[in-house]
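Chain residues, written in single-letter form:
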Amino acid sequence: MEGITVALDLMGGDFGPRVSVPAIKQALTFYSDLNVLAFGKEDLVLDFFRKEKLVGNSRVELINAVDVVEGNENPKFALRHKRQSSMWMAIEAVSTKKAMAAVSAGNTGAMVAIANHLLGNIPGIHRSALVKVLPTLNKKGTVFLDLGANLHCDQNVLFQFAVMGSILASDYLNIENPRIAVLNVGREAIKGTEAIQGASALLNQCNTLNYIGFVEGNDIFGNVADVIVTDGFSGNVALKTAEGLYRVIEQRLSGYTLLHKLLKPIKYLHKKRITDMQPDGYNGSSLLGLNGVVVKSHGAADCNALVRAIAQARSEYLNRVPEHIADCLIKLKGA
């Protein structure tokens, strides 16, 4: 296949091929240079391929995977026993250069373990991190990591996340001298765990990074920092809390009584203003620090959201994100 080939795990997520197969058709329509290696249980996905008229499409190759990584599966078990699964095979396609990037909406822990095993980390990076560019008031976005790949992080890992986040903000978002902050329970210098305090000390000693100190949870979307670093436990809780709050606001604006009908124009304007904060519009978290491009889609993603994750994988390959990080790390060591 010519063009850009993305490997897709058809079986991952809450909806599996009901969403992933229509997402392929939509993505192919949007991107003329896109090809898809689709991994899934053939007997379960073939009807969806027929429905979307993808059978025989030269830009899609369906590859049978006899196994599936379940949502509640232990990552170590998946690493040892799920080598014929759709998730494993999709990531393996990147390691063997059959695909330029992989996308899965499946089990996050298993995906991280399999990706680390098959692709390995960029030299100088101990652990990969799930990263997402979150919307902010200035609409430039904030690079936020880790979102759940590493529940526990020491000071050195947090420092490496800051370095990778800074490179991503600079090269991918075109932010000059990005402001880096560490998520904490307060802005005061005396607060935080031993790991947070240690990471802050390392960042203060690094002259090549623009470290501005601690931020709190209410600063995440407020254009206070361009890069916010935290451990995967705190990052995932913060992200899911923000997504849940958006859903509450959305539902409040959607339901209205007779009185609300009189205020419908105002309600419409407010709803339009929060549309750019919609979680589905930012679907896709990159596993940063790998020798390759792997994107984690939200498990509850609908068709449009999954297409955005595929688009992100394509974009990261085109922008050589892993190579940029590797090159910049070499320059930093030489500085």
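What counts as what
Residues numbered from 1 in each chain as written. Predicted model: local features only at pLDDT ≥ 70, side-chain atom pairs only at ≥ 80, totals over all residues. Heavy atoms only, no water. Helix = DSSP H or I, 4+ residues; strand = E, 2+ residues; numbered from the N terminus. Buried < 20%, exposed > 50% of the residue type's maximum accessible area, 1.4 Å probe, protein only. Contact = heavy atoms within 4.5 Å. Salt bridge = Lys/Arg side-chain N within 4 Å of Asp/Glu carboxyl O. Axes fitted to C-alpha atoms, helices over the stretch in contact; angles between N-to-C directions. Parallel < 35°, antiparallel > 145°, perpendicular 65-115°, else oblique. Left-handed = near helix turned anticlockwise from the far one by under 90°. Nonpolar A, V, L, I, M, F, W, Y, C, P; charged D, E, K, R; others polar. 1 Å grid on protein atoms, 1.4 Å probe; cavity = no way out; pocket = protein on both sides within 12 Å on 5 of 7 lines; lining within 4 Å. Points joined across faces, edges and corners; volume = space filled by probe spheres on them. Pairing = 2+ DSSP bridges. Right-handed = clockwise from strand over helix to strand, strands pointing away. Phe/Tyr/Trp six-rings, centres within 6.5 Å; stacked < 30°, edge-to-face > 60°.

**Thoughts on the environment of Ser86**
Line of reasoning, step 1. Structurally, the position occupied by Ser86 is in helix H4 (residues 86–95).
Line of reasoning, step 2. When its relative accessible area of 1% is taken as the criterion, Ser86 is described as buried.
Line of reasoning, step 3. With 17 residues separating them in the primary sequence, Ser86 and Val69 have C-alpha atoms 7.5 Å apart.
Line of reasoning, step 4. Ignoring anything within four residues of it in the chain, the contact list for Ser86 reads Asp9, Met11, Phe39, Gly40, Ala65 and Asp67.

**Topic: the pattern of salt bridges**
Line of reasoning, step 1. A full pass over the atoms with the stated rule returns eight salt bridges.
Line of reasoning, step 2. Residue Glu73 pairs with Lys82 through a salt bridge whose shortest N-O separation is 2.8 Å. Considered together, Glu73 and Lys82 belong to a single accessibility category, that of buried residues.
Line of reasoning, step 3. Across the pair Arg320 and Asp327 runs a salt bridge, and its minimum N-O distance is 3.8 Å.
Line of reasoning, step 4. One continuous salt-bridge network, built from bridges that share partners, spans Asp67, Glu73 and Lys82.

**With respect to the packing of helix H6 (residues 155–171) against helix H7 (residues 194–205)**
Line of reasoning, step 1. Between H6 and H7, the least distance of the axes is 8 Å, while the angle of their chain directions is 50°. In terms of their interaxial angle, H6 and H7 are classed as oblique. For the pair H6 and H7, the sense of crossing is right-handed. From H6, Gln155, Asn156, Leu158, Phe159 and Ala162 reach across to H7, where they touch Glu194, Ala195, Ile196, Gly198, Ala199, Leu202 and Leu203.
Line of reasoning, step 2. When the residues that make up the contact of H6 with H7 are grouped by side-chain class, the tally is eight nonpolar, three polar and one charged.

**Thoughts on empty space enclosed by the protein**
Line of reasoning, step 1. Under the defined criterion, the tally for this structure stands at two cavities of 30 Å³ or more.
Line of reasoning, step 2. Forming the walls of the largest cavity are 14 residues, and the residues nearest its centre are Gly12, Gly16, Val19, Ala105 and Leu306.
Line of reasoning, step 3. Where the lining of the largest cavity is concerned, the elements lending two or more residues are strand S1 (4–9) and helix H1 (17–30).
Line of reasoning, step 4. Taken together, the residues of the lining of the largest cavity sort by class into seven nonpolar, five polar and two charged.
Line of reasoning, step 5. Considering only enclosed or pocket space, the second largest cavity measures out at about 60 Å³ in volume.

**Some points on the pairing of strand S2 (residues 34–40)**
Residues in a regular strand project their side chains so that they alternate between the two faces of the sheet.
Line of reasoning, step 1. A large share of S2 lies buried, amounting to seven of its seven residues.
Line of reasoning, step 2. Summarising the sheet, S1 and S2 pair through six bridges and their orientation is parallel. Among the inter-strand pairings, Val6 is bridged to a residue of S2, identified as Val36.
Line of reasoning, step 3. The parallel pair S1 and S2, bridged by H1, forms a crossover whose chirality is right-handed.
Line of reasoning, step 4. Of the crossover connections in this fold, the one passing from S2 over helix H2 (residues 42–51) to the parallel strand S3 (residues 60–64) is right-handed.

**Remarks on the environment of Lys53**
Line of reasoning, step 1. Position of Lys53 relative to the elements: it lies in the loop between H2 and S3.
Line of reasoning, step 2. The sequence separation of Lys53 and Lys25 amounts to 28 residues, and the corresponding C-alpha distance is 8.5 Å.

**Comments concerning the packing of aromatic side chains**
Line of reasoning, step 1. One pass over the full model with this rule turns up one aromatic pair.
Line of reasoning, step 2. With a centroid separation of 6.4 Å and an interplanar angle of 90°, the aromatic rings of Phe30 and Tyr31 are classed as edge-to-face.

**A few points about the layout of surface pockets**
Space left empty within the atom packing is revealed by a probe, the size of a water molecule, rolled over the atoms.
Line of reasoning, step 1. A volume near 580 Å³ is recorded for the largest pocket.
Line of reasoning, step 2. In this structure, the largest pocket is lined by 36 residues; those nearest its centre are Thr108, Lys240, Lys296, His298 and Gly299.
Line of reasoning, step 3. At the level of elements, strand S5 (129–134) and helix H8 (232–254) are the ones that each hand at least two residues to the lining of the largest pocket.
Line of reasoning, step 4. Sorting elements by how many residues they give to the lining of the largest pocket places H8 first, with five residues.
Line of reasoning, step 5. Residues that form the lining of the largest pocket fall into these classes: 14 nonpolar, 14 polar and eight charged.

**Things to note about the packing of H4 against helix H5 (residues 108–119)**
Line of reasoning, step 1. Relative orientation of the contacting elements H4 and H5 amounts to 30°, with a least axis distance of 9 Å. By the angle between their directions, the pair H4 and H5 is classed as roughly parallel. Read as a crossing pair, H4 and H5 show a hand that is right-handed. Across from Met87, Trp88, Ile91, Glu92, Val94 and Ser95 in H4, the residues of H5 making contact are Ala110, Met111, Ile114, Ala115, His117, Leu118 and Leu119.

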